[in-house]
Every structure is written in C-alpha cells, then in structure tokens.
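So the chains spell out like this:
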Amino acid sequence: MTWYQTTLRLPPMERGFHQITRVVVKSLPELADIRVGMLQVFIQHTSASLTLNENADPDVTIDLESSFSSIAPERFPYVHTIEGPDDMPGHVKASLLGASIQIPVTDGHLALGTWQGIFLCEHRNHASGRNLVLTLQGE
Amino acid sequence: MTWYQTTLRLPPMERGFHQITRVVVKSLPELADIRVGMLQVFIQHTSASLTLNENADPDVTIDLESSFSSIAPERFPYVHTIEGPDDMPGHVKASLLGASIQIPVTDGHLALGTWQGIFLCEHRNHASGRNLVLTLQGE
Amino acid sequence: MTWYQTTLRLPPMERGFHQITRVVVKSLPELADIRVGMLQVFIQHTSASLTLNENADPDVTIDLESSFSSIAPERFPYVHTIEGPDDMPGHVKASLLGASIQIPVTDGHLALGTWQGIFLCEHRNHASGRNLVLTLQGE
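About the criteria used
- Residue indices follow the written sequence of each chain, beginning from 1 at its first position.
- Whichever chain is written first is A, and whichever ligand is written first is 1; the rest continue in order.
- In view of the model being predicted, local features appear only for residues whose pLDDT reaches at least 70, and side-chain atom pairs are presented and counted only at 80 or more, with totals across whole chains, interfaces and linings using the full set of residues.
- Excluding hydrogens and water, the side-chain values take into account all heavy atoms of the structure.
- Secondary structure elements are defined from DSSP: runs of H or I of at least 4 residues count as helices, runs of E of at least 2 residues count as strands, and each element is numbered from the N terminus.
- The globule rule used for comparison is 2.2 Å times the number of residues to the exponent 0.38, while the radius of gyration itself is calculated over C-alpha atoms.
- The rule is simple: take the accessible area with a 1.4 Å probe, protein chains only, and divide by the maximum for that residue type; under 20% is buried, over 50% is exposed, in between is partly exposed.
- Two residues form a contact once any of their heavy atoms are found within 4.5 Å.
- Here, Shrake-Rupley sampling with a 1.4 Å probe gives the accessible areas, and only protein chains in the shown set may cover a residue.
- Counting rule applied: Lys, Arg positive; Asp, Glu negative; His and chain ends not counted.
- Taken as the charge location is NZ of Lys, CZ of Arg, CG of Asp or CD of Glu.
- All copies are superposed by least squares; the fitting set is the C-alpha atoms of residues with a pLDDT of at least 70 in both.
- Helix span, as expected, comes to 1.5 Å for every residue beyond the first.
- Whenever a nitrogen or oxygen atom comes within 3.5 Å of another N or O atom, the pair is scored as a polar contact, on the condition that within protein one atom can donate a hydrogen and the other can accept it, and that pairs from neighbouring residues in sequence are kept only if both atoms are in side chains.
- Following the grouping adopted for this structure description, the nonpolar residues are Ala, Val, Leu, Ile, Met, Phe, Trp, Tyr, Cys and Pro, the charged ones are Asp, Glu, Lys and Arg, and the polar ones are all others, Gly among them.
- Throughout this description, the term salt bridge denotes a Lys or Arg side-chain nitrogen within 4 Å of a carboxyl oxygen of Asp or Glu.
- Aromatic rings from Phe, Tyr and Trp, taking only the six-membered ring of Trp, are treated as a pair when their centres fall within 6.5 Å; an angle between ring planes under 30 degrees marks them as stacked, one over 60 as edge-to-face, and anything in between as tilted.
- Here the quantity called buried area is the accessible surface, traced with a 1.4 Å probe, that two parts lose on coming together, added over both.

**Description of the overall build of chain A**
Reasoning step 1: On a plain count of helices and strands, chain A comes out with three helices and eight strands.
Reasoning step 2: The helix and strand sequence of chain A, counted from the amino end, reads β-β-α-β-β-α-α-β-β-β-β.
Reasoning step 3: Taken over C-alpha atoms, the radius of gyration comes to 16 Å for chain A, in line with the 14 Å a tight globule of 139 residues would show.
Reasoning step 4: Across its three principal directions, the C-alpha atoms of chain A cover 50 × 30 × 20 Å.
Reasoning step 5: Classification of the 139 residues of chain A by burial places 64% in the buried group.
Reasoning step 6: Considering only contacts in chain A between residues 6 or more positions apart, those separated by 24 or more positions represent 84%.
Reasoning step 7: For chain A, the computed accessible surface area is about 5,400 Å², with 52% contributed by carbon and sulfur atoms.
Reasoning step 8: Taking the average location of the 9 positive side-chain charges in chain A and that of its 15 negative ones, the two points are 5 Å from each other.

Here's what the structure looks like:
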C-alpha cells in the first residue's frame, strides 16, 4: 500500500469546461506502479469545480457551459452580490458539480471509459489560476 | 489492508432510475471480510450516472426521472445534437449526478442508511449495457 | 496505513445550509496522526446532503438554499407526495448534491482551500437529527 500526494497549479482559464486529463496524468508518474487503487483530484476553490464528461467533441463543453449557466443563472434574487454577477452562480455550480472526482486505477492506468475525460469547470469570468490536490493510493 | 477490484456489466435498461444495490453487493463476497473500509462504484460512461436515493417507494424513481429531465431538458439550444435529442441532456445529467459513489463499509456491510439504495441513472432512450468498476478497500 | 471510523449524530437543524467543519474536525483527533490520507464524510439519509462551499459570508448559504429550491421546486407534478411538499424536492436535491464528500488530508489537517467549509444541507422543513459516518484513512 502506497500513498502519493502532490499539488497542481492550473493557469488562469476562461469561463467554461476545460479538459485536463493529460496534465493530471502527466503529474503522476507513480500511477504506473499501482496495480489497483484510487486517484482523487480535489479542487481547493468554491467557484470552480471538477467533473468527468465526454472527451471527444468540443461542442459538448460549449453545451455544458450554457446548460449549467441556465440551471444556475446570473439573473436571480441573490443576496451575496458583492463579488459580481458571476460569483454566486459559480458557488451554486460548485455544489452542483462538486469539488472532487475519484477515479479507480487498474494496472497502472486510470480506469476511465473510452469517452471519459477530466474537466476543470471554471465558473468565474476572470479567475486567476486554480489549485488541485492529487491524492493517489493503491498497491 | 486489502484491495479488491472487479467489473460489472449491467444489461440494457430503459431511461430512468434503477436500483442496483442487490447486484452490487452480490458481486462483492469480499465485503464480508472488511471490518472498516470503502467501496467505490464507478461508471465508465458519460450519459449514465450513479446516485444514492430512497429505496422504498418506486414513485420516487419516477419523480427523479421527471425532475432531472426538467432540470436538463431536451428543448434547449444545444450545439452537440448529432447523437439525438436525449444525448446532450444525458451529458448534463451525468455531470449533475456524477460518475461514482463512495460508500463506507462497517463490519462487513455497506454502511447505508435504512432508506438508501444505489441507483443506476440511465439517461439515454436506447442504451446498450453499462460498465461499472467496483473497487473495495479496507482492513 | 490506518483506518478510523466513527459516527456523528447531528441535532435537528432548520431547512438550509449549515456549516459543520468545526464539529467534524473535533470528532477526529486521529487526523493529527495522518501525514497523507483521505477523509470521507457520509450522510445516511436521502433528504439531506453534504457539500463544500464558501465558509465566510453567511449570505452564500441563504442563496444556496434559494437557488437549490428554485432548481428543485416544490411546485412540480410529483407522484410521491405522501410525505409532504418538501419531501420529493429534498430527494432531488440529495441526488444533485450527493451523500458524501471526500477531502484529502495533508500533514495532520484537512487540505481544504482557504474559503472552503463543509456544509450539511437540510432539505426538510422539520427534520429530526441526521447521522454521519466519518471514515479516515491514511499513513
């Protein structure tokens, strides 16, 4: 049984869904040593989140952004408005999507389905970078 | 400390929420050996998902289906429409609900509440079967 | 490698989002012994849930409550109505938000971001207390 943990600082990204599968895997050479285990990707923020979704057609990310912005709209009688109109919807999306994903590890690889990719969901219009904590365990 | 991992192929199911608690537990005789641990159920798809919800009244599953289909409707200006009108809402639901659930294990059993069951959420009208990865760890 | 597991009974809380970071940490003196690991907080109910969100401005919790009550409204043609108008929306919110959160542990502390807190999301108008299962693993 082994534990690895590292942090990953992502550069500023524009509002929307951005695939980060490659950069996550690249940060974890230790993956190759795990026969069976678990990877957690955790985001240390409350107006950005993580999700798994289709990795093939970039149009899907456009529709995810418009869909989530329709489910948690900017036009709503929010009380917490001091940080701008994109802030409170960002908090709602953060809870809808969640701050972490857990992916099983099999024979040195993430056991993702063929069409699954890891996405950073940036909910702010002008965010600075984002911190991820990657925690890998297994045997 | 022990790790077990197995895959479970679910047969095609109709669109909606389907309880799978029994078939998951049946696939894991090793559960009985775990005093304290964690089970992850992970789905390798992006238009179906997993959730925990009420296991008693089947009407709840009807309302979950209609509610999520109202939150992520088919009528919406999606760009990604090539796979049919039920596809892109399925991707939105997949991110709303999530690709995995993690359940604590206590004294050889899943530590679910009395009313909690595991549900496969099928978002497509005509899906083929679905692959789950079950990962159990503990001592 | 060590596993700890304990249960935490929360007293009845009114409908809404309630920060419980302090009471969770207080229940886990064993956290101090973990250099790298993982904490899961799991709720054994289907009309209450857990989330991570902003810990600073209490107005955020007001907006989370109104937003989620707008996404999963009481006025909707539900079939399962026998437990009152706040019950079925509570089940929808439970699946939107999820029954567990997983937080990485680093050097004896939860690796939360500066603004992240753990919230119990109570979806019923008159709930009795809620049971949490806390599972901590690491080395």
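**Observations concerning the relation of the copies chain B and chain A**
Reasoning step 1: Between the two copies, chain B and chain A, the superposition gives an RMSD of 0.0 Å; the rotation angle is 120 degrees and the shift along the axis is 0.0 Å. Here the copies are linked by what is in effect a three-fold axis. Among all residues of chain B, the minimum C-alpha distance to the rotation axis is found for L96(B), at 3.4 Å.
Reasoning step 2: Of the residues that chain B buries at the interface, just 19% are likewise interface residues in chain A, meaning the two copies contact each other through different surfaces.

**Examining helix α2 (residues 58-71) of chain B**
Since one α-helical turn is 3.6 residues long, residues separated by three or four positions face the same way.
All names here are of chain B.
Reasoning step 1: The terminal C-alpha atoms of α2, which comprises 14 residues, lie 20 Å apart, in line with the 20 Å expected from a rise of 1.5 Å per residue.
Reasoning step 2: When α2 is considered as a whole, its buried residues turn out to be V60, T61, D63, L64, E65, S67, F68, S69 and I71.
Reasoning step 3: Two to three positions downstream of the cap, the backbone nitrogen of D59 sits 2.9 Å from a side-chain oxygen, assigning the N-cap of α2 to D57.

**Overview of the interface of chain C and chain A**
Reasoning step 1: Between chain C and chain A, the contact holds 34 residues from the first and 27 residues from the second.
Reasoning step 2: Across the chain C-chain A interface, the total number found is 13 residue pairs in polar contact (both at pLDDT 80 or more).
Reasoning step 3: Counting residues per element, the ones that place at least two in the side of chain C that touches chain A are β3 (36-43), β4 (48-54), α2 (58-71), α3 (87-97), β5 (100-106) and β8 (130-138) of chain C.
Reasoning step 4: With 10 residues, α2(C) is the single largest residue contributor to the side of chain C that touches chain A.
Reasoning step 5: Its residues placed into classes, the side of chain C that touches chain A shows 17 nonpolar, 12 polar and five charged.

**Describing the relation of the copies chain C and chain A**
Reasoning step 1: Superposing chain C onto chain A takes a rotation of 120 degrees plus a shift of 0.0 Å along the axis, which leaves an RMSD of 0.0 Å.
Reasoning step 2: In this assembly, only 15% of the residues forming the interface of chain C have copies in chain A that are likewise at the interface, indicating a heterologous arrangement.

**A closer look at the pattern of salt bridges**
Any two side chains of opposite charge can pair if their charged atoms end up close together.
Reasoning step 1: Inspection of the entire model under this criterion finds 18 salt bridges over all chains.
Reasoning step 2: Ionic pairing is found between R124(B) and D87(B), a salt bridge with its closest N-O pair at 2.9 Å. One end of the pair, R124(B), is in the loop between β7 (116-122) and β8 (130-138); the other, D87(B), is in helix α3 (residues 87-97), and 37 residues separate them in sequence. As far as the burial class goes, R124(B) and D87(B) line up, both buried.
Reasoning step 3: Each of R15(A), E65(A) and E74(A) takes part in a single network of salt bridges with overlapping partners.

**Regarding the packing of aromatic side chains**
Reasoning step 1: With the rule as written, the count across this model stands at six aromatic pairs over all chains.
Reasoning step 2: Considering the side-chain rings of F76(A) and Y78(A), the 5.0 Å spacing of their centres and the 50 degrees angle between planes classify their relative orientation as tilted.
Reasoning step 3: Of the residues examined, F76(A) reaches a relative accessible area of 23% and is grouped as partly exposed.
Reasoning step 4: Between F17(C) and F68(C), the ring centres sit 5.9 Å apart and the planes meet at 40 degrees, which makes this aromatic pair tilted. Of this pair, F17(C) sits in strand β2 (residues 16-19) while F68(C) sits in helix α2, placing them 51 residues apart in sequence. Like F17(C), the residue F68(C) is buried in the burial classification.

**Concerning the interface of chain B and chain A**
Reasoning step 1: With 27 residues of chain B in contact, the opposing surface of chain A contributes 34 residues.
Reasoning step 2: Counting the surface lost from both chain B and chain A, the interface buries some 2,500 Å², and carbon and sulfur atoms represent 60% of this.
Reasoning step 3: Counting across the chain B and chain A interface gives zero salt bridges.
Reasoning step 4: Across the contact surface, chain B and chain A share 13 residue pairs in polar contact (both at pLDDT 80 or more).
Reasoning step 5: With five residues, α3(B) is the largest single contributor of residues to the side of chain B that touches chain A.
Reasoning step 6: Grouping the amino acids of the side of chain B that touches chain A by side-chain chemistry returns 14 nonpolar, 12 polar and one charged.

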